[in-house]
Amino acid sequence: YRCRYDAARTLEYASAGSFTFTGTITGPTPSANWSGLDNGSYRVRARADFIDGTHSPWAFAPADVSVSLFLSDSFTDAAGTAITSHTGETGASWTVQSGNSPVTPDKIDAAGALYANAANGIYQAAGSPPSADYYVEAVLTKPSTVTNDKVGVMGRADPAANSWYMARWNEAGSNWQLYRTVAGVSTQMNGSIAGSFNVGDSHVLRLTMSGSTISMS
């Protein structure tokens, strides 16, 4: 790992090609909001690079940093299994999000993909994130075009408050959208991002929540 301090107080990490991360620090303490880490344990080391080209010796953290997934689901199950009767690999037993119950629950197909049988299906997994700062992502595949279809991922969902963040594909507008819902009232954030999602395409859609910064990619 490398830690670089400059006028913008940028902190950079890198490890043997397995992931990269750029965050922000205040004072000498790095941000704890890391992303892109695979499961496992990591020993952090850092150094300060100075403007004159010199740098401090490498310093190692006193203990490893453990990283683990709180939710993972490959949707492997018998074709036709309802999502509410399916349990994934980690923290992935699914219930209908309050107030968004479809006539027929979403189901899993023979290819291990989740598909909708009816409109307005929103489901919440049992996995509990360790903090409010995390990301959620899914591989979206388009087998056919359905007018006005919308599909995406949600985070920081609070069923009791009817509140959450959502990143989604909007078929009618051919764009990607980021929404915030508070007490059942949805507001689009930062406009729409034009894109293409053709039949047969797959996209990894990620919703990242870090403090008050909410983004999608």
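A short tour of the structure in this document, coming up. All values reported here derive from a predicted model rather than from experimental measurement. (Residues numbered from 1 in each chain as written. Predicted model: local features only at pLDDT ≥ 70, side-chain atom pairs only at ≥ 80, totals over all residues. Heavy atoms only, no water.)

Here's the deal with the overall build of the protein chain
Then comes step 1: For the protein chain, the count of helices and strands is 0 helices and 17 strands.
Then comes step 2: Within the protein chain, the proportion of its 217 residues that are buried is 30%.
Then comes step 3: Considering only contacts in the protein chain between residues 6 or more positions apart, those separated by 24 or more positions represent 43%. (Helix = DSSP H or I, 4+ residues; strand = E, 2+ residues; numbered from the N terminus. Buried < 20%, exposed > 50% of the residue type's maximum accessible area, 1.4 Å probe, protein only. Contact = heavy atoms within 4.5 Å.)

Examining the nonpolar core
Then comes step 1: The biggest cluster of nonpolar side chains holds 16 residues, and the ones touching the most others in it are A167, W176, L178, L207, M209 and I214.
Then comes step 2: Listing elements by their share of this core, those giving two or more residues are strand 11 (134-141), strand 13 (163-170), strand 14 (175-182), strand 16 (202-210) and strand 17 (213-216).
Then comes step 3: Apart from the residues within four sequence positions on either side, L178 is in contact with M166, A167, T187, Q188, M189, N190, L207, I214, S215 and M216.
Then comes step 4: Among the nonpolar cores identified, the runner-up in size contains 7 residues, and F75, W94, I108 and A125 belong to it. (Core = buried A, V, L, I, M, F, W, Y, C linked by side-chain atoms within 4.5 Å.)

Regarding the sheet that holds strand 15 (residues 185-194)
Then comes step 1: Reading across the sheet, the 4 strands line up as 12-13-14-15 and stay open at both edges, with antiparallel pairing between neighbours. Two strands lie at the open edges of the sheet, namely strand 12 (150-158) and strand 15, each paired on one side alone. Neighbour-to-neighbour, the strand axes of the sheet open up by a mean angle of 15°, direction not taken into account.
Then comes step 2: Sheet topology places strand 12 next to strand 13; 7 bridges connect them, and they run antiparallel. If you follow G155 over to strand 13, its bridge partner there is Y165. (Pairing = 2+ DSSP bridges. Axes fitted to C-alpha atoms, helices over the stretch in contact; angles between N-to-C directions.)

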